[in-house]
Amino acid sequence: MNTPPPNKPLEASDILIDLLTCFVATNGVGLKKGYEISKELHDEHVVVINIKSEFICCDEQSIYSWLNSSSYPRGEYVARLVASRIRRSAEQINSRGGVQFLKTLHALAECDVRATLSPLYGVGEKFIDNYLIISPRT
């Protein structure tokens, strides 16, 4: 859903928001609503990239609390599930280089995106299909 203007590369934070969108949307809210929620999660500093370390920073309880206090329509159980998936996947992404992983992911061909995302916690075919829909290939 994040498409940069011509000649401007996509920022790592935009790629992160697209991944967050997939976590939220895959659990029953659709891509449009998922993007809105994910953008807010990022803009309100619940899930962000630390500029110095280039790692994703997030806390499961903070994500869960934010989802519960927002207009997240799927209830507490799914909010807890989404929060856990985001946090655990963020840890895996950080262990693979954080920002570098995000930038590499964005540059991959479709089949390589599938192979790269599949090992992440909570990621399945629906998630990957959603990611390929909203994240333009370079």
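Please refer to the structure placed before this passage.
Report follows, based on the coordinates.

This next bit is on the state of the cysteines. Two cysteines whose sulfur atoms are joined by a covalent bond form what is called a disulfide. One pass over the full model with this rule turns up 0 disulfides. C22 takes part in no disulfide bond, and the closest cysteine sulfur to it belongs to C58, at a distance of 16 Å. The thiol of C111 is unpaired, and the distance to the nearest cysteine sulfur, on C22, comes to 18 Å. Of the residues examined, C111 reaches a relative accessible area of 55% and is grouped as exposed.

Among the residues making up helix α5 (residues 99–107), those that are buried are V99, F101, L102, L105 and H106. Looking straight down α5, one finds its buried side chains confined to an arc of 160 degrees; they lie on one side. Contacts from the buried residues of α5 go to α1 (12–29), β1 (47–49), α4 (75–95), α6 (110–117) and α7 (125–134).

So, on to the environment of K32. Checked against the element boundaries, K32 lands in helix α2 (residues 31–43). Sequence-wise, K32 and I134 are 102 residues apart; in three dimensions their C-alpha atoms are separated by 9.9 Å.

Rules behind the numbers
- Here, residues in each chain are numbered from 1, in the same order as that chain's written sequence.
- Note on the predicted model: pLDDT of at least 70 is required for a residue's local features to be given, and 80 or more for side-chain atom pairs to be given and counted; whole-chain, interface and lining totals, by contrast, use all residues.
- Only hydrogens and water are set aside; all other atoms, that is, all heavy atoms of the structure, feed into the side-chain values.
- Criterion for a disulfide: a pair of cysteine sulfur atoms at a distance within 2.5 Å.
- Three labels apply to residues, based on accessible area from a 1.4 Å probe with only protein chains included: buried if under 20% of the type maximum, exposed if over 50%, partly exposed otherwise in between.
- What counts as a helix is a DSSP run of H or I of at least four residues, what counts as a strand is a run of E of at least two, and both are numbered from the N terminus.
- Working definition: the arc comes from the directions between the helix axis and the C-beta atoms, pointing outward to the latter.
- Contacts: residue pairs with any heavy atoms within 4.5 Å of one another.

By themselves these figures say nothing about function.
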